[in-house]
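Chains, contacts and geometry: an overview
What follows is each chain in one-letter form.
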Amino acid sequence: MFTLASEGYAVVPAFAAPEETQALMDEFARLVTVFDPASHPTTRFSTTDHSHGSEDYFLGSGDKIRYFFEEGAEIGPEADPATVRASINKIGHALHDLNPVFTRFSFSQAVREVLGHTQLDDPVLVQSMYIVKPPRIGGVVAPHQDASFLIDEPQTVTGLWFALEDATVDNGCLWVLPGSHRDPLHARFARKANNPQATAMDGDFPPFDEETYTPLEVQAGSLVLLHGSVLHASKANTSSRSRHAYTLHFKSRASTWSPDNWLQSPDRPFHGWESMPHSL
Ligand SMILES: O=C(O)CCC(=O)C(=O)O
């Protein structure tokens, strides 16, 4: 049943109760109303050209709650606030530390227990993202390995992807390449040695191949675990339905966080359950 070690991913249906997924979606809806589209940077998140990778707004988001937009969004200076709000690609990357609703979910006992089935040793949480994949404009996520973007030594990074809504081929579900976690890292995305306020991608991921990838159509509440080296992707959302998901990335406490990782968190040391109230 638990295929993370053999296949590089595992699906746990009905991991989260409907009240839990609804609480995250309600909190997202509230976060969307409290930010001011008029004064907000319109940093687009691109998994194809990585243009966000040298913007301070992105590079400083490791210990913040920040909003990123779809590549195809029409959000110029004249755009109305509703259009801007409907164009959010994701919110990241410290919801788990800075927002109580996301903290409660991220550090639940159920999450702690499921991590016991992974290679992680004494897990600490390094990032969280609320991914929207909005109807019609939700963009492609190009094939990648998460450990190329979240670099530790030895490599332990493991992803948890929670479906908050049903994910289908039509609305842009995840696709994985089974067994690809045995590949070495195809690329490395990191801060430049001569300019840490910019990043560079060294290497290329193999192109998406529908013949070899497996679509993970899952119902709301399902959890998908992703080995840091497994190749995965998602297609554009061409449907009229959104595809909300919440993701967490953990590493083993003792692994070394590369100093050239894009994600740095000087004011918010990574932690696990040791600094959480027992009531969680
Ligand atoms: O939610 C998606 O479509 C892809 C997310 C993903 O691959 C990631 O965050 O690593």
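What counts, and at which threshold
- Residues numbered from 1 in each chain as written.
- Predicted model: local features only at pLDDT ≥ 70, side-chain atom pairs only at ≥ 80, totals over all residues.
- Heavy atoms only, no water.
- Helix = DSSP H or I, 4+ residues; strand = E, 2+ residues; numbered from the N terminus.
- Buried < 20%, exposed > 50% of the residue type's maximum accessible area, 1.4 Å probe, protein only.
- Polar contact = N/O pair within 3.5 Å; in protein donor to acceptor, adjacent residues only side chain to side chain.
- Contact = heavy atoms within 4.5 Å.
- Near = heavy atom within 4 Å.
- Areas by Shrake-Rupley, 256 points an atom, 1.4 Å probe, with all protein chains shown as cover.
- Core = buried A, V, L, I, M, F, W, Y, C linked by side-chain atoms within 4.5 Å.
- Phe/Tyr/Trp six-rings, centres within 6.5 Å; stacked < 30°, edge-to-face > 60°.

**So, the side chain of His 96**
With respect to the helices and strands, His 96 occurs in helix H5 (residues 95-98). Residue His 96 is classed as buried on the basis of its relative accessible area of 0%. Engagement of the side chain of His 96 in a polar contact is seen with the side chain of Ser 128, the distance being 2.7 Å. Beyond its immediate stretch of four places on either side in the chain, His 96 contacts Phe 102, Thr 103, Ser 106, Phe 107, Leu 125, Val 126, Gln 127, Ser 128, Tyr 246 and Arg 268.

**Brief notes about the site of the ligand**
Every residue lining the ligand is accounted for by Met 129, Ile 131, Val 141, His 144, Asp 146, Trp 161, Leu 174, His 232, Ser 234 and Arg 243. Between the ligand and Asp 146, the relevant distance is 2.8 Å, taken from an oxygen atom to a side-chain nitrogen or oxygen of the residue. At 2.8 Å, a side-chain N or O of Arg 243 approaches an oxygen atom of the ligand. Taking 290 Å² as the accessible area of the ligand by itself, protein coverage stands at 93%. Counting residues per element, the ones that place at least two in the shell around the ligand are strand S4 (123-131), strand S5 (141-144) and strand S13 (232-234).

**Considerations on the nonpolar core**
Membership of the largest hydrophobic core comes to 74 residues, with the highest contact counts inside it found for Tyr 130, Leu 160, Phe 162, Tyr 246 and Phe 250. Top element by residues in this core is helix H2 (residues 18-34). It accounts for 5 residues. If sequence neighbours within four positions are ignored, Phe 250 has contacts with Ser 106, Val 111, Leu 115, Leu 120, Pro 123, Val 124, Leu 125, Thr 156, Val 157, Thr 158, Leu 160 and Trp 273.

**With respect to the packing of aromatic side chains**
Going through the model one piece at a time under the given rule, you end up with 19 aromatic pairs. Here Phe 149 and Phe 205 contribute two aromatic rings whose centre-to-centre distance is 6.2 Å and whose plane-to-plane angle is 25°, an arrangement assigned as stacked. Highlighted residues: Phe 149 in the loop between S5 and strand S6 (152-153) and Phe 205 in the loop between strand S10 (195-203) and strand S11 (214-216), separated in sequence by 56 residues. The same class applies to Phe 149 and to Phe 205, which are both buried. Ring pairs connect the aromatic residues Phe 15, Phe 28, Phe 102, Phe 105, Tyr 130, Phe 162 and Tyr 246, which therefore count as one cluster.

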